[in-house]
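If you want the building blocks of each chain, they are given just below.
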Amino acid sequence: MKKSTLKQAACSGVLLLALFCTLLLPATAQNGKPSVQKITGRVIDARGEPLSGATVRVAGRDAATRTDADGAWSLTLTNADEAKLSFSFVGYTPREVKIDPARTVYNMTLQDAVAGLNDVIVVGYGTSKRKDITGSVASIKGEELTQTPIANFAQGMEGRAAGLQVTQNSGQPGGNISIRIRGTNSINGTSEPLYVIDGVQISNDGGVADVSPLSTINPNDIESIEVLKDASSTAIYGSRGSNGVVLITTRRGKAGPTRLTYDGYYGEQNILKKLKVMNLQQWAELQNGDNGATPEFPDPAALGKGTDWQDVIYRQAPMQSHNLSLAGGSAQTKVAMSANFMDQDGIIINSNFKRYSYRANVDHKINDRFKTGASLFTSYSIYNGITVSGTNAVDATFAGVVGSALAAAPILKPYNDNGTIDDFSGQFNGRYQGQTNPLYIVSPLQRQTIKRSLGTIYGEAVIVKGLTYRASFNADLQSQLNDYYFPVSSITPSLRNNNSGVGEKTNINSLLLLHESMLSYLHSFGDHTLKLTGVFATQSNQYNYNSVHATGFPNDQTSNEALQLATTVTVNTNRNRYRIDSYLGRINYSYKSKYLLDLTGRVDGSSKFGANNKYGFFPAASGAWRIIEEGFARKLDFLSDLKLRASYGLTGNAGALTPYNSLSLVQSTSPYDFNHTPVNGIAPSSVQNPNLKWERSLQADIGLDVGLFNDRISFVADVYDKTTSNLLYVKQLPLSSGYATIPGNFAKIQNKGLEFSTNAKVLTGKFKWNLSANISFNRNKVLDLDGTTDETFLNTYSLLKIGQPVGVFKTFLFDGIYQKGETVLPGSGAQTGATKVKDLNKDGQITADDQTITGDPNPKFVYGFSSNFSFRRFDFSFFFAGTYGNKVFNNGRFALENPNGGFNNVEEELVNRWKPNQPSNDYPGIGAQGRNVVTDRYVENGSFLRCKNLTLGYTLPKIKGLYGCRVYVSASNVFVLTKYKGYDPEVNSFGNSTTQLGVDNFVYPSARNVQAGLQVTF
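Being a predicted model, the structure only gives us computed values, none of them experimental.

**With respect to the pattern of salt bridges**
Working definition: two side chains of opposite charge can pair if their charged atoms are close together. Taken as a whole, this structure holds 41 salt bridges when the rule is applied. A salt bridge links Arg 251 to Glu 223; the nearest nitrogen and oxygen atoms lie 3.4 Å apart. Within this pair, whereas Arg 251 is found in the loop between β16 (245–250) and β17 (256–271), its partner Glu 223 is found in strand β15 (residues 222–228), the two being separated by 28 residues in sequence. For Glu 223, a relative accessible area of 29% gives the class partly exposed. Here Arg 626 ties to Glu 629 by a salt bridge, and the two come within 3.0 Å at their closest N and O atoms. Owing to a relative accessible area of 22%, Glu 629 belongs among the partly exposed residues under this scheme.

Following this line, the structure appears as structure tokens:
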């Protein structure tokens, strides 16, 4: 049998076994005549206030209820002898009491829990109590993620954790999102963190126009997220840990009654902001010119407002999500299942994202020594995209629908009389035929269909007391079909030719297989606790790409389903694979729960790296002093926690390399002419580099955890310094070598910063008020490029420069407009009425030496704060997030401020342009310059404060047959406070690029969403 067949069979086995395990529901039976007993009671807190919504359950049985607004409850029990009553409420220490057949009233007082200290959180390859954590780890609850309606769980992480910067690169449904943990760490690689979902490692990549891989995951399935930030926490992931690690734990079943929960909402979306461009009257005045010539439009005021092309492409768009989950089990078998349907129309016509998903988690305890389990997640996503923007000033205006709509002449009408899209050839005798109707840009078929399955099977055995072995087998299967078709009918008949009509089909398949074997040993002796962990892991990745591109279709009847009918058909294929083998160990030591020490080491070997550097070693050490356990600290009644942490370690980044970067490669070339016959050739494309190795991040971290007043107030602070060296950088070679460039480990970057977060239970009586806030400061600096280059431009406005942050903007300085009688400096390419720039070096001419650093796209700090209020059955919450100090290059504004764009529309502010009889010092005049000048005028303040969410909810009184019912109304992306002139300051047209940051080429605008939801548990 072939290897591929074996791997397919193995994957099928993982998925089938996981599906089979969902059927392992426990069955119980009772014999004998039942005895019936009714019991009642009341649950209050330490201050005597009733706890509404507290859970009262008979341990190990289905019998359960919740307290009403007065804390009262009642249950009718059958055969309750020897049973126990369990009382629990979020934020309070649960209690149990044995049921006495002679007793009918059980009143209970619950004490405030010391928040989080004994919470078990997920760390790499294991769990730990929060009080025993020695590294920098932030936690986000699943309920926080789904507080806002999101298609991508990464959207819900924004502003929730210190040290985390989330950028919504595009407002397109299912669109890509960029996450940075403690800054940008790479130049030609990735700075995205590693995501681990129930043990399966996935990555987030792609451009701004691609669907995010993270959008295939249902946010409702997530129980919690842990963000690992320092080297001690991430070194356990070795070569993939330098950008941070995001651990995602999905919901699993718990012993107790089976609960069926529905959680759904429906909402409407609208564009948050429209840009001001000229109306028809203003545009006509622009077309008439300012030089006194015979006007083309004698009476512009009589023309009216004309077509508002933003109203043509934008719409009110619905969004809905429906999630059904089932969870429960016995002491032996626990099951959690969910199904989700999510449908989001975009605010730009013809854009949409749909997702169907299913998840099943099963855990089964065979006996006291053995347990097993399985997880299966599968999703089917359909992403209907549109071309939104390009990557330079010209493309920003003409290539995408947003820029095209803003630049479209308001004199034109979008539709013919019969309702079809007008190509402008019949309007005004074809005068504007060269213009592009924005509706043609959204008319092509651009669909991505993604099938994804993640499966895990694990088994765990207790070999001897304290020694446990766990084996897991994980798979991630993805199949993606991309459909594209630009119809022949979208081309003006007079312009059609043999190449009219473009169709394409692309199949992308990937397979990740991961096996991990883990031994752990836990032993306590006296005041000492020792835990040893050892892991062997092997991972295989395969990728397969097949694309067929065709041009020249006879008609649109078959769309892209019959590419063989086209005049020209080309085929492109690609396949690659790589493997990683890992060996890792960790030692956790605790003395009296007061002094904590963690030592971690991991060895990774990868087929992607050069022959001389196949393996890398990544060690880390961390320690903590729980000062609260010292005698002098215990005397301070207001202190409930005080811990000092420190860590130092080395992590790596393998994401900078494709599988064959270290090898000499060849590629096909343009046909050679041999005897007047075109022949395809093969030529070398890259030079071998056997010394290619991992990018390395060396990081130090010091942290302080403080809890006050029984953890009514908690505070966490961290200071860190991270230097990433051996960065993959493409170095220029002399042409005599036969190659233009060579990739190597040349560059170096530094990130250092401060992080603060706090949580407070401000009020805890009938009226409850909780508050959370965080803020992060990061300073980024390029320390080296290739050893010889001091700076290199990435485009006409951003660059890499030693001593500066990554992606800073370098432009001329705007100095007004040349006025009459003023000397125009040589080299400026200007005349009277054109843009004037500063001659910085005072040499009497304008050259590249007059450019200077004018902005940094990296924020000085990012922050977020939220608050929750509840009174009896009502609850209210708000959530804000923002950045400060970052700049955005408004490339779209650069394009719209050119008054010499022919028939194109321009920014409304150009009514104040320079005119011979009305001089202006802000905007150039018509014909004064052939093209716009890149100046700091377009480097804008990108700071913002966004109201992410407002929610008002009401929990209904107890209804027979229902465990709980809540209704709510919510508004998301309510408003943005900013000085930025574009659609949204939270933008990057270059997607997940690590170097070209903060660039706005008219990406898909964000939307305001208002929705109503229902949450019901049976």
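**Some thoughts on the sheet that holds strand β7 (residues 108–110)**
On the basis of which strands lie adjacent, the open sheet formed by 3 strands has the order β4-β1-β7 and mixed pairing. The sheet is open, and its two edges are formed by β4 (72–78) and β7, each paired on a single side. Pairwise comparison of adjacent strand axes, ignoring direction, gives a mean angle of 30 degrees for this sheet.

**Observations regarding the sheet that holds strand β36 (residues 791–793)**
Ordered by their spatial adjacency, 4 strands build an open sheet running β36-β37-β38-β41, and the pairing between neighbours is antiparallel. Bordering the open sheet on either side are β36 and β41 (852–855), each of which pairs with just one other strand. Across the sheet, the mean angle separating the axes of adjacent strands is 45 degrees when strand polarity is ignored. Note: strand β37 (residues 798–801) against strand β38 (residues 808–811), 2 bridges, orientation antiparallel.

**Section: the side chain of Asn 474**
Among the structural elements, Asn 474 can be located in strand β23 (residues 467–486). What Asn 474 contacts, discounting residues up to four positions off in sequence, is Asp 198, Gly 199, Val 200, Gly 455, Thr 456, Leu 512, Leu 513, Leu 514 and Glu 516.

**Some points on a nonpolar patch on the surface**
The grouping of Tyr 595, Trp 625, Phe 632, Leu 644, Ile 702, Val 719 and Leu 754 at the surface amounts to a nonpolar patch, some 610 Å² of accessible area in total. Judged by relative accessible area, which is 33%, Tyr 595 ranks as partly exposed.

**Regarding the packing of aromatic side chains**
Taken as a whole, this structure holds 31 aromatic pairs when the rule is applied. Taken together, the ring pairs connect Phe 767, Trp 769, Phe 865, Phe 869, Phe 876, Phe 878, Phe 880 and Phe 975 into an aromatic cluster. Directly above the ring of Tyr 458 sits Arg 470, whose terminal nitrogen or CZ lies 4.1 Å from the centroid.

**A word on unusual backbone geometry**
Of note, the phi angle at Asp 198 is positive, near 50 degrees, even though the residue is not glycine. Considering the arrangement of structural elements, one finds Asp 198 in the loop between β13 (194–197) and β14 (200–202). We note that Arg 872 has phi near 50 degrees; this positive angle belongs to a residue other than glycine. Tracing the chain through its elements places Arg 872 in the loop between β42 (861–871) and β43 (874–884).

**A look at the confidence of the model for the chain**
For the chain, per-residue confidence averages 87 on the pLDDT scale, and residues scoring 70 or more make up 93% of the total. Predicted confidence is poor over residues 1–33, with pLDDT under 50, and the contacts of this stretch with residues over four places away or in other chains come to 39 contacts.

**A look at the pairing of strand β49 (residues 1007–1017)**
By the bridge criterion, 11 bridges tie β17 to β49 in an arrangement that is antiparallel. Its bridge partner being in β49, Thr 261 is matched across the sheet by Thr 1017. One ladder, built from 9 bridges, connects strand β47 (residues 964–978) with β49; its direction is antiparallel. Paired with Arg 966 across the bridge in β49 is Gln 1015.

**So, the side chain of Asn 726**
Following the sequence through the fold, Asn 726 ends up in strand β33 (residues 713–732). For Asn 726, the residues in contact, after removing those within four places along its chain, are Lys 693, Trp 694, Glu 695, Arg 696, Asn 745, Phe 746 and Ala 747.

**So, the environment of Asn 780**
Relative to the elements of secondary structure, Asn 780 occurs in strand β35 (residues 767–784). Taking the C-alpha atoms as reference points, Asn 780 and Thr 558, 222 residues apart in sequence, are found 52 Å from one another. Within the local environment of Asn 780, its side chain forms a polar contact with the backbone oxygen of Thr 184, the two atoms lying 3.2 Å apart. Within polar-contact distance, the side chain of Asn 780 engages the backbone nitrogen of Val 806 at 2.8 Å.

**Brief notes about the environment of Leu 275**
With respect to the element layout, Leu 275 can be found in the loop between β17 and α4 (280–288). Exposure remark for Leu 275: the relative accessible area of 14% places this residue in the buried category. In this structure the C-alpha to C-alpha distance between Leu 275 and Gln 539, which are 264 residues apart in sequence, comes to 49 Å. With residues up to four places along the chain from it excluded, the contact list for Leu 275 reads Gln 310, Leu 406, Lys 981, Gly 982, Tyr 983 and Phe 1002.

Reading the values: the criteria
Residues numbered from 1 in each chain as written. Predicted model: local features only at pLDDT ≥ 70, side-chain atom pairs only at ≥ 80, totals over all residues. Heavy atoms only, no water. Salt bridge = Lys/Arg side-chain N within 4 Å of Asp/Glu carboxyl O. Helix = DSSP H or I, 4+ residues; strand = E, 2+ residues; numbered from the N terminus. Buried < 20%, exposed > 50% of the residue type's maximum accessible area, 1.4 Å probe, protein only. Pairing = 2+ DSSP bridges. Axes fitted to C-alpha atoms, helices over the stretch in contact; angles between N-to-C directions. Contact = heavy atoms within 4.5 Å. Patch = residues over 30% accessible without salt bridge, like charges linked within 9 Å, V, L, I, M, F, W, Y side chains within 5 Å. Areas by Shrake-Rupley, 256 points an atom, 1.4 Å probe, with all protein chains shown as cover. Phe/Tyr/Trp six-rings, centres within 6.5 Å; stacked < 30°, edge-to-face > 60°. Lys NZ or Arg CZ within 6 Å of the ring centre and 35° of its normal. pLDDT = per-residue confidence, 0-100. Polar contact = N/O pair within 3.5 Å; in protein donor to acceptor, adjacent residues only side chain to side chain.

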